[in-house]
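# Observations on the model geometry
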Amino acid sequence: MAEACPISFETINEKVARANAALTVLCMLVFVLTPFKAIILILGADLFIRGFLKPGYSFFSLLSRRILRMLNTKPTMTNAGPKIFAAKTGFVFTCVIGLLYWLGIPTASYIFAAILALFAFLEASAGFCMACRLYPFMPDFVK
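Here's what I pulled together on the structure shown here. (Residues numbered from 1 in each chain as written. Predicted model: local features only at pLDDT ≥ 70, side-chain atom pairs only at ≥ 80, totals over all residues. Heavy atoms only, no water.)

Running from N to C, helix α2 (residues 39-52) and helix α4 (residues 80-102) cross one another at 155°; their axes reach a closest spacing of 8 Å. Compared by their axis directions, α2 and α4 come out roughly antiparallel. Crossing of α2 against α4: the hand is left-handed. Between α2 and α4, the contacting residues are I40, L41, L43, G44, L47, F48, R50, G51 and F52 on the first element and I84, A87, K88, G90, F91, T94, I97, G98 and W102 on the second. Here the residues of the contact of α2 with α4 sort into 11 nonpolar, 5 polar and 2 charged. (Axes fitted to C-alpha atoms, helices over the stretch in contact; angles between N-to-C directions. Helix = DSSP H or I, 4+ residues; strand = E, 2+ residues; numbered from the N terminus. Parallel < 35°, antiparallel > 145°, perpendicular 65-115°, else oblique. Left-handed = near helix turned anticlockwise from the far one by under 90°. Contact = heavy atoms within 4.5 Å. Nonpolar A, V, L, I, M, F, W, Y, C, P; charged D, E, K, R; others polar.)

Here it is, written out as structure tokens:
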């Protein structure tokens, strides 16, 4: 099956999206390996802003752009649709992770955190969008 992602008339810097994914991996490591569980709330808020509001206003996007500017990287523009859909998917994951953890089911929350970390790692390291692979199977109200 061919990859199909949402199409948007907006563009986004691919390098910023990949840096955001790396920050997501970092947050998942903090969540799983440290007592600072509130990181899931910070990540969730950031993913909500990226997925449902304005991606440019997210703290992680601002930080990623600043880091990339310090490294003197040139932007590589790409369709924003898949990245926005991935942020929405990540937001749902963070809600599930937080809910499971605060319901007293930490093992299940860590499993979902590992899945989110894996998907974010694939995006950060190889530009592989798992959300795009899942997009064709999503019901229309989710898209």
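This part takes up helix α5 (residues 106-126). In an α-helix, one turn spans 3.6 residues; hence positions three or four apart end up facing the same way. Here α5 spans 29 Å end to end across 21 residues, near enough to the 30 Å set by a 1.5 Å rise per residue. The set of residues buried in α5 consists of S109, A113, L116, A117, A120 and E123. End-on, the buried residues of α5 take up no more than an arc of 120°, which puts them together on one face. Residues of α5 that are exposed and angled more than 90 degrees away from the buried face: T107 and A126. Packing partners of the buried residues in α5 comprise α1 (14-33), α2 and α4. (Expected span 1.5 Å × (residues − 1). Buried < 20%, exposed > 50% of the residue type's maximum accessible area, 1.4 Å probe, protein only. Arc of directions from axis to C-beta.)

Next up on the list: the environment of V25. The residue V25 is located in helix α1 in this model. Judged by relative accessible area, which is 15%, V25 ranks as buried. V25 has contacts with A117, A120 and F121, leaving out every residue within four places of it along the chain.

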